[in-house]
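# Observations on chain architecture
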Amino acid sequence: MNVKKVLVVEDDTAIKTLLKYNLEQAGYQTTTSSDGQAGYELALNNEYDFILLDVMLPKLDGLEITKRLRQEKVMTPILIITARDQELDKIIGLELGADDYLTKPSNLGNITSNKIK
């Protein structure tokens with residue numbers, strides 16, 4: 001059986017823990033990072049089936065990570081999860097190469113069944 005691998009880049013410990021728990025309960029192998037630079041390096045140097053990415057991160061923000069990954073031709077699906085709910089933020093994220101955009105707070109416990117297959 002091929003286990004799906006996911007990278008979660010989130011600096012809020014409670015949200016990161018909740019995402020990791022739910023993803024692992026759904027059978028995903030989960031790697032986490034709390035800062036943007038480390039998350040970017042993980043995404044650049046490892047293969048993941050998808051990336052869950054916060055926007056407001058220390059060291060390197062999620063929009064810049066998305067932009068850089070796409071410039072490096074990393075085409076792993078990216079789901080941005082952020083408290084930013086302005087329409088312009090969503091448009092920018094999608095234009096930079098994110099595959100979807102989910103605003104917090106949301107029902108993060110259902111993320112595996114509703115967003116990523």
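Check the entry above for the structure.
Throughout what follows, the structure given in this document is the object of discussion. Keep in mind it's a predicted model, so treat the numbers as computed, not measured. (Residues numbered from 1 in each chain as written. Predicted model: local features only at pLDDT ≥ 70, side-chain atom pairs only at ≥ 80, totals over all residues. Heavy atoms only, no water.)

Mapped onto the elements of the fold, tyrosine 40 is located in helix α2 (residues 36-45). With 24 residues separating them along the chain, tyrosine 40 and glutamate 64 place their C-alpha atoms 9.2 Å apart. If we ignore the near neighbours within four places in the chain, the residues touching tyrosine 40 are Leu60, Ile65, Arg68, Leu69 and Glu72. (Helix = DSSP H or I, 4+ residues; strand = E, 2+ residues; numbered from the N terminus. Contact = heavy atoms within 4.5 Å.)

Formed by 18 residues in total, the largest nonpolar core has its most connected members in Leu7, Ile51, Leu53, Ile65, Leu69, Ile78 and Ile80. When residues of this core are traced back to their parent elements, those giving at least two are β1 (5-9), α2, β3 (50-53), α3 (62-71) and β4 (78-82). The leading source of residues in this core is α3, at three residues. Excluding anything up to four places from it in sequence, isoleucine 78 contacts Ile51, Leu53, Thr66, Leu69, Arg70, Ala98, Asp99 and Asp100. By size, the runner-up hydrophobic cluster in this structure holds eleven residues, among which are Val6, Leu52, Leu79 and Ile81. (Core = buried A, V, L, I, M, F, W, Y, C linked by side-chain atoms within 4.5 Å. Buried < 20%, exposed > 50% of the residue type's maximum accessible area, 1.4 Å probe, protein only.)

Let us look at the packing of aromatic side chains. The geometry of two aromatic rings is summed up by the distance between their centres and the angle between their planes. This structure, assessed with the given rule, holds one aromatic pair. Ring geometry for tyrosine 28 against phenylalanine 50: centres 5.3 Å apart, planes inclined by 85°, an arrangement best described as edge-to-face. Within this pair, whereas tyrosine 28 is found in the loop between α1 (13-25) and β2 (29-33), its partner phenylalanine 50 is found in strand β3, the two being separated by 22 residues in sequence. Each member of the pair, tyrosine 28 together with phenylalanine 50, is buried. (Phe/Tyr/Trp six-rings, centres within 6.5 Å; stacked < 30°, edge-to-face > 60°.)

Moving on to the environment of threonine 103. Examined against the element boundaries, threonine 103 turns out to sit in strand β5 (residues 100-103). According to the relative accessible area criterion, threonine 103 is partly exposed, its value standing at 29%. C-alpha separation for the pair threonine 103 and alanine 83, spaced 20 residues apart in sequence, amounts to 5.3 Å.

Looking now at the pairing of β3. Residues Phe50 and Leu52 of β3 are buried on one face, and the alternating residues Ile51 and Leu53, pointing to the opposite face, are buried as well. Here β1 runs beside β3; their pairing, made up of four bridges, is parallel. By the bridge assignment for β3, valine 6 is matched with phenylalanine 50. When β3 meets β4, the two strands line up parallel, connected through three bridges. Bridge pairing in β4 places leucine 52 opposite leucine 79. Regarding the hand of the β-α-β motif, the stretch spanning β3, α3 and β4 is right-handed. (Pairing = 2+ DSSP bridges. Right-handed = clockwise from strand over helix to strand, strands pointing away.)

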